[in-house]
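Results of the structural survey
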Amino acid sequence: MSVQLLDPAPEIESRLQVFLIRELELFTWFDDRINGYRIELHLSTNAGQLRSEESIDAREKPADWCTWSYRFRRIVDSKEPHSVDWLREQFPENSIQSRLLCQAFGKLNSTPAFLRNDLEIKSDLFKKACSYINLF
């Protein structure tokens, strides 16, 4: 016996309400054009690979990128998935960490911005990065 649903299957944003972040990579490099630092976040999640990028002024540079990025540790590889709202609440409102996460999860249903594969992108980032942090 076959069954047909009256309503179509919900889109990803309503089907996938919680996320598990398995790995987080953070690339930082100095950009002369903006006289500041570019920060690129890569997330491996149960929803797939997500990326975001932000910039900060040179005077906003933290004393230590590792200590600065340690705030992300609480959201990586937790034993249970969490909502985007819970993930956002782990950081001060409008902090760079919060903005990076919101931007990454905001791209869930959009077309990938890059056509190159992830290995090529990361290779380029490794070449210019002054700091690389991987949390898993």
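Reference entry: report on the structure contained in this document. Fair warning: this is a prediction, and the values are worked out from it, not measured in the lab.

**Things to note about the nonpolar core**
Leu 24, Leu 26, Leu 43, Phe 72, Ile 75 and Leu 101 are the most contacted members of the largest nonpolar core, which has 24 residues in total. Of all the secondary-structure elements, those providing two or more residues to this core are strand S1 (21–31), strand S2 (36–45), strand S3 (48–57), helix H2 (65–69), helix H4 (96–106) and strand S4 (131–135). If near-sequence neighbours (up to four positions away) are discounted, Leu 24 is found in contact with Leu 41, His 42, Leu 43, Phe 72, Ile 75, Val 76, Ile 133, Asn 134 and Leu 135.

**Details of the pairing of S4**
Of the two faces of S4, only one is covered, namely that formed by Ser 131, Ile 133 and Leu 135; the face formed by Tyr 132 and Asn 134 stays uncovered. Where S1 meets S4, five bridges bridge the pair, whose relative direction is antiparallel. For Thr 28, the partnering residue across the bridge sits in S4 and is Ser 131.

**Here's the deal with the sheet that holds S1**
The four strands are arranged S3-S2-S1-S4 in an open sheet whose pairing can be described as antiparallel. Both edges of this open sheet fall to S3 and S4, since each of them pairs with a single strand only. Recorded for the sheet is a direction-independent mean angle of 15° between the axes of neighbouring strands. The sheet contacts of H4 involve S1, S2 and S3, and relative to S3 the element is tilted by about 140°.

Rules used in this analysis
- Residues numbered from 1 in each chain as written.
- Predicted model: local features only at pLDDT ≥ 70, side-chain atom pairs only at ≥ 80, totals over all residues.
- Heavy atoms only, no water.
- Core = buried A, V, L, I, M, F, W, Y, C linked by side-chain atoms within 4.5 Å.
- Buried < 20%, exposed > 50% of the residue type's maximum accessible area, 1.4 Å probe, protein only.
- Helix = DSSP H or I, 4+ residues; strand = E, 2+ residues; numbered from the N terminus.
- Contact = heavy atoms within 4.5 Å.
- Pairing = 2+ DSSP bridges.
- Axes fitted to C-alpha atoms, helices over the stretch in contact; angles between N-to-C directions.

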